[in-house]
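# Working through the structure, step by step
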Amino acid sequence: MTSAENLRAFKRDGRIVVVGASLAGLRAAEALRDEGFTGSLTMIGDELGEPYDRPPLSKQVLTGWVPADGTTLPRRRDINAEWLLGVPASGLDLANNHVRLADGREIPFDRVLISTGVRARPWFVESEAALDGVFVVRTREHAEGLQRALAAGPSRVLVIGAGFTGSEIASICRERDIPVTVAELAPAPLVGALGAMIGEVASDMQRAHGVDLRCGVKVTRLEGDTQGRLRRAHFDDGTTIDADVAVVALGGIRNTEWLRGSGLAAGVWGIACDTGCRALTLDGLVTDDVFAAGDVARCPNPIYEYRLISLEHWANAVEQAEVAAHNMVSGQADRWPHLSIPLFWSIQFGVNIKSVGVPTFADEVVVTQGSVPDHRFVAAYGYRGRVTAAVSFNNAKWLDHYRKLIESAAPFPPPCPTPDQPVDMKPVPVDFPGPVLLAQGATVVVTGHDPGERRVTAAEQHHR
């Protein structure tokens, strides 16, 4: 058979397995059917119940506007799939094309899409994490439990971590007139994602709304009473606070452990892929039958010097899912690259924060429109003299303009005039926190001596 005939046969009778039944997985499954795939489709997910939307969990669900069970993702079409829910995947056998499940079953596939996403990073002391009143926010059950705790009117909430999720939760506490302390190891909220200048704005916003913001400190211990309820938190500066509720908002852990031994280039930063969402092996070779999408995918972006970037953004998950689905049922000449510019949004303390591009890929930032004291402005980010990102506070209507500047590699600072420009548009260093080690020691070791036998194998991590 010709390659075209093989492709038609695959679309008619092939077997596709999607591991990860959340936003990216569902949208990919719908796109596969839209692309004319009529073969076997299996959805594997570690949670019970239908796929649901996660952004509302730290926003509308905690305010009580939307019940946790009201976040089910709308279905665009019937996907006619076999759903295997409540049992996580435990391994991937590429020699025999099987996904292994934790209950011992093996699910065969011709092509597989990995969209296992991330889970919340738990508190580092298991006994303290188990105290009544200590929460993370990632699943429906997490959000529902925290919403009940907030509705009970705690005397004080401690939020550990002032990233986007932690800051949104602090905002909701103040909306409900609940005293809240935010503890952040970095110099300011949001500084790891948006830099020092925006961090100062975020600090002012939180304190203006009555948040007890403590930066440059670390929570060392969560103390409970004899009934196992949270009562107190200890900081590394020797101080303590009394609190009934603590929310651990220390970021996420990408769900890649189940891929150990599979031969894929998968680790704590995600699954390395090409721009077509095809997974790479440890050797750096592109696979033909393994794809990744969503939070767990780590793809090169030509606009950002082909650096591998993984993004925990809603829009990114949807777009990657559509690209991956198309490429799974298309020939090489018809495949698409995932080249869209990332978009992100957050609502905190009455302010709508939106970004376009990758602000961490920058060395300078400048306010190009609006007023920082009024919390209504746009800041453009630049790297080596070109625009790479923009962030707006209550001024999102201009972001499409900045997206076009990013796509066209426009010079930085932006030369084109825009309304409401500050008199002095002076760039300042973006000033992110000190560099974080990307890995502790080597991650791979090269073996072999000539081009035909050289490979890499996973190396043990060396910790000091």
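Above this text sits the structure in question.
Just so it is clear, the model here is predicted, and its values are computed rather than measured.

What counts and how
- Residues numbered from 1 in each chain as written.
- Predicted model: local features only at pLDDT ≥ 70, side-chain atom pairs only at ≥ 80, totals over all residues.
- Heavy atoms only, no water.
- Pairing = 2+ DSSP bridges.
- Helix = DSSP H or I, 4+ residues; strand = E, 2+ residues; numbered from the N terminus.
- Contact = heavy atoms within 4.5 Å.
- Axes fitted to C-alpha atoms, helices over the stretch in contact; angles between N-to-C directions.
- 1 Å grid on protein atoms, 1.4 Å probe; cavity = no way out; pocket = protein on both sides within 12 Å on 5 of 7 lines; lining within 4 Å.
- Points joined across faces, edges and corners; volume = space filled by probe spheres on them.
- Core = buried A, V, L, I, M, F, W, Y, C linked by side-chain atoms within 4.5 Å.
- Buried < 20%, exposed > 50% of the residue type's maximum accessible area, 1.4 Å probe, protein only.
- Domains from an automatic or database assignment.

Okay, the sheet that holds strand S25 (residues 351-357) next. With respect to topology, 6 strands assemble into an open sheet ordered S24-S25-S28-S27-S26-S29, the strand pairing being antiparallel. The two strands at the open ends of the sheet, each matched to only one other strand, are strand S24 (343-348) and strand S29 (428-429). Across 6 bridges, the pairing between S24 and S25 is antiparallel. Bridging across to S25, Ser 346 finds its partner in Ile 353. Together, S24, S25, strand S26 (364-371), strand S27 (376-383) and strand S28 (386-393) form the strand contacts of helix H8 (residues 196-208), whose direction differs from that of S27 by roughly 155°. This element, helix H10 (residues 399-407), spans S25, S26, S27 and S28 of the sheet and lies at about 165° to S28.

A word on the layout of surface pockets. Estimates place the volume of the second largest pocket at around 180 Å³. Lining of the second largest pocket is provided by 14 residues; of these, Lys 59, Thr 63, Trp 65, Glu 175 and Ile 347 occupy positions nearest its centre. Elements with a contribution of two residues or more to the lining of the second largest pocket: helix H3 (60-63), helix H6 (164-175) and S24. With 4 residues, H6 is the largest single contributor of residues to the lining of the second largest pocket.

A separate point is the nonpolar core. By size, the foremost hydrophobic cluster in this structure holds 47 residues, and its most contacted members are Leu 146, Val 157, Tyr 381 and Phe 393. For this core, the two domains that each supply at least three residues are domain 2 (126-250) and domain 3 (350-429). Setting aside residues no more than four positions away along its own chain, Val 157 makes contact with Leu 150, Cys 173, Ile 178, Pro 179, Val 180, Thr 181, Val 245 and Val 247. Among the nonpolar cores identified, the runner-up in size contains 28 residues, and Val 18, Leu 23, Ala 24 and Phe 291 belong to it.

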